[in-house]
Amino acid sequence: MLQGHFGSAGASIEYGAAGCLFPVDELDATVLQYRDAQLALDDVDGSHVIVVAPTSLATSYFLTQHALTAIRVDSLSTAVRDQLATALDARLDTFELVQIGKWNSSSLNHSLAEFTNA
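Residues numbered from 1 in each chain as written. Predicted model: local features only at pLDDT ≥ 70, side-chain atom pairs only at ≥ 80, totals over all residues. Heavy atoms only, no water.

Regarding the environment of L68
Okay, so step 1: Its location among the elements puts L68 in the loop between α2 (57–65) and β4 (69–72).
Okay, so step 2: We classify L68 as buried; its relative accessible area is 3%.
Okay, so step 3: When the C-alpha positions of L68 and Q33 are compared, they lie 5.6 Å apart, and in sequence the two are 35 residues distant. (Helix = DSSP H or I, 4+ residues; strand = E, 2+ residues; numbered from the N terminus. Buried < 20%, exposed > 50% of the residue type's maximum accessible area, 1.4 Å probe, protein only.)

Right, here's the structure in full:
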């Protein structure tokens, strides 16, 4: 199973080009985190999501440790939207959300006993 919209995202933007989104707590935009972000992402087709992608091992670690975050593109300031539009190959107005952080996926709860050769 794909991890959220990482496999179906309409576009990705490199971490360095997405610097205008950090820190997310200081953005003047609609920022959803944790379960709220997951619910918002569940309601949007992956082709309408921009994923912030790592550019190095350090940025990969940072992004996987970052709380799942969904930012509504239409709520971003004009300056931030312009910076993102410059970094994208597609028109920004075709996207609904920017996803930062890892997707929380459901997984089966296995017992350690299942993995032994008893």
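Details of helix α1 (residues 34–42)
Okay, so step 1: When we look at burial in α1, the residues that qualify are A37, Q38, A40 and L41. On an axial view of α1, the arc spanned by its buried residues comes to 165°, and they lie on one face. (Arc of directions from axis to C-beta.)

Some words on the pairing of β4
Okay, so step 1: Pairing of strand β2 (residues 31–33) with β4 involves 3 bridges; the strand directions are antiparallel. By the bridge assignment for β4, L32 is matched with A70.
Okay, so step 2: Pairing between β4 and strand β5 (residues 97–100): 4 bridges, direction antiparallel. If you follow T69 over to β5, its bridge partner there is I100. (Pairing = 2+ DSSP bridges.)

Thoughts on the pattern of salt bridges
Okay, so step 1: Here the structure, examined in full by the defined rule, presents 1 salt bridge.
Okay, so step 2: R91 is the partner of D93 in a salt bridge, and the nearest nitrogen-oxygen pair spans 2.6 Å.
Okay, so step 3: You can call D93 partly exposed: its relative accessible area is 48%. (Salt bridge = Lys/Arg side-chain N within 4 Å of Asp/Glu carboxyl O.)

Thoughts on the environment of T59
Okay, so step 1: Counting through the fold element by element, T59 comes out in helix α2.
Okay, so step 2: Considering only alpha carbons, one finds T59 and Y15, 44 residues apart in sequence, at a separation of 7.0 Å.
Okay, so step 3: A polar atom in the side chain of T59 sits 2.9 Å from the backbone nitrogen of S56. (Polar contact = N/O pair within 3.5 Å; in protein donor to acceptor, adjacent residues only side chain to side chain.)

Focus: the sheet that holds β2
Okay, so step 1: Read across the sheet, 5 strands follow the order β1-β3-β5-β4-β2 without closing on themselves; strand pairing throughout is mixed. Of all the strands in the sheet, the pair left with one neighbour each is β1 (11–14) and β2. Pairs of neighbouring strands in the sheet enclose a mean axial angle of 25°, with direction left out of account.
Okay, so step 2: Bridging between β1 and strand β3 (residues 49–53) involves 4 bridges; their strand directions are parallel. Looking across to β3, one finds that A11 is bridged to I50.
Okay, so step 3: Docked against the sheet, α1 engages β2, β3, β4 and β5, running at close to 105° with respect to β2. (Axes fitted to C-alpha atoms, helices over the stretch in contact; angles between N-to-C directions. Contact = heavy atoms within 4.5 Å.)

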